[in-house]
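Residue-level listing of the chains:
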Amino acid sequence: MVHQYSSQAHLSPSGDTEDIVALLAPRLAYFAGVARTEHVTRAAREMQVPQSTLSRAMVRLEQDLGVDLFARRGRTVSLTPAGRTFLTSVERALAEIEKAADEVRADADPTTGKVAFGFLHTLGSETVPGLIRAFRADHPRVRFSLVQNYGEAMLERLRAGELDLCLLTAPTLDAPDVVAHRLDVQKLRLVVPADHRLATRKRIRLAEAADETFVTLEPGYGLRSITDDVCKEAGFRPKIAFEGEEAETLRGLVAAGLGVALLPPPAVPRPGVAELTVTAPRAVREIGVAWLDGHHPDTPPVAAFKQFLLSRRGNLLPT
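Calculation notes
Per chain, the residues get numbers from 1 upward, laid out in the order the sequence is written. Owing to the predicted nature of the model, reporting of local features is limited to residues with pLDDT of at least 70; listing and counting of side-chain atom pairs is limited to 80 or more, with chain, interface and lining totals taken over all residues. Note that water and hydrogens are dropped before the side-chain values are worked out from all heavy atoms of the structure. We call a set of buried Ala, Val, Leu, Ile, Met, Phe, Trp, Tyr and Cys residues a nonpolar core when their side-chain atoms join them within 4.5 Å. Each residue is placed in one exposure class: buried if its accessible area under a 1.4 Å probe, protein chains only, is under 20% of its type's maximum, exposed if it is over 50%, and partly exposed if it falls in between. Secondary structure elements are taken from DSSP: a helix is a run of H or I of four residues or more, a strand is a run of E of two residues or more, and numbering for both begins at the N terminus. By definition, residues are in contact when any of their heavy atoms lie within 4.5 Å. Detection works on a 1 Å grid of protein atoms alone, calling trapped sets that fit a 1.4 Å probe cavities and calling open sets with protein on both sides within 12 Å along at least five of seven lines pockets, with lining residues defined by an atom within 4 Å of a point. Grid points are joined across faces, edges and corners, and a volume is the space filled by probe spheres set on the points. Each residue gets one of three labels, nonpolar for Ala, Val, Leu, Ile, Met, Phe, Trp, Tyr, Cys and Pro, charged for Asp, Glu, Lys and Arg, and polar for the others, Gly among them.

(A) Looking closely at the nonpolar core. Ranked by internal contacts, the top residues of the largest apolar core, which has 36 residues, are Phe-117, Phe-144, Leu-165, Leu-167, Phe-305 and Leu-309. The set of elements that each furnish at least two residues to this core consists of strand S3 (114-119), helix H5 (127-135), strand S4 (143-148), helix H6 (151-159), strand S5 (165-169), strand S6 (178-187), strand S13 (284-292) and helix H9 (300-311). Per-element tally for this core: the top contributor is S13, with five residues. Setting aside chain neighbours within four positions, we find Leu-165 in contact with Ala-116, Phe-117, Gly-118, Leu-158, Val-289, Ala-290, Trp-291, Val-302, Phe-305, Lys-306 and Leu-309. Among the nonpolar cores identified, the runner-up in size contains 32 residues, and Ala-199, Val-215, Val-230 and Ala-261 belong to it.

(B) View of empty space enclosed by the protein. Enumeration according to the criterion identifies two cavities of 30 Å³ or more in this entry. Roughly 110 Å³ of volume is contained in the largest cavity. Leu-120, His-121, Thr-122, Leu-217 and Tyr-221 are, among the 14 residues lining the largest cavity, the residues nearest its centre. Among the residues making up the lining of the largest cavity, the classes are represented as six nonpolar, five polar and three charged. The computed volume of the second largest cavity comes to approximately 40 Å³. As for the second largest cavity, its lining consists of Val-215, Thr-216, Leu-217, Leu-223, Arg-224, Thr-227, Leu-250, Ala-261, Leu-262 and Leu-263. Mapped onto the lining of the second largest cavity, the elements with two or more residues apiece are strand S9 (213-217), helix H7 (222-233) and strand S11 (261-263). Residues belonging to the lining of the second largest cavity are distributed by class as follows: seven nonpolar, two polar and one charged.

That is the geometry; function is a separate question.
Right, here's the structure in full:
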């Protein structure tokens, strides 16, 4: 294919891509309109811009590219081979821009928009489904993108703009670049095998379990930090045999007789274990909602869900 080149000054082929895009982007829709109609006056009328503006834009576009895109016969124009090649990519680019615009408008729609919501694995089986069900009683068409992960991973996604809101526990609630509101407190229990020497007890001081083998979540999980801190307050460092990524897996390890664990209450009772109330020290985890400090304004669906979560203070967790 032979392209015609203009002798006018234009951007160097090695020029910065951002400079090229900044120059070309405003003129692409004009170019597509002229190419579609093959008539400057008709294109100007359809796009509701002055003909002189459109003509100047096409001349500047050709100058910037250093390529003749049109063969001109008065106000009638036809695409050169270079123009046809360029049009194919321009139409594809404009279609992608239109698609992206439609998507962001849809996500921000007050009625049918989307909320990117992160939460801990331990809140996924009962707490979060209940929250979303209650919220959608008044907002039935709002959509959710749900992410389950541990605290630090959710903070990373919050900072990357991939999450609007998330439910976290301390210490991640205290991250310096996060706005956090405590919503509820959940008591932790010492979970022991059903045939354990402590299984017949209802309550226990954690110091009584100092010689036990513990199973815990991996470092980086909020519940792991709480376990380490509470045991330290009770006067011992836990002997850890297994580290996992999910609380119910730990409960299964306890049922198999592989250790004891400090865990939140299960969604449904699990056979093979006994769950003891810890009387000392205070063994709890705080649950709160967090979002990025200095974040851009919330879309209407995000703002509505944020206010809903804040309204659940003291009533976030199922009783």
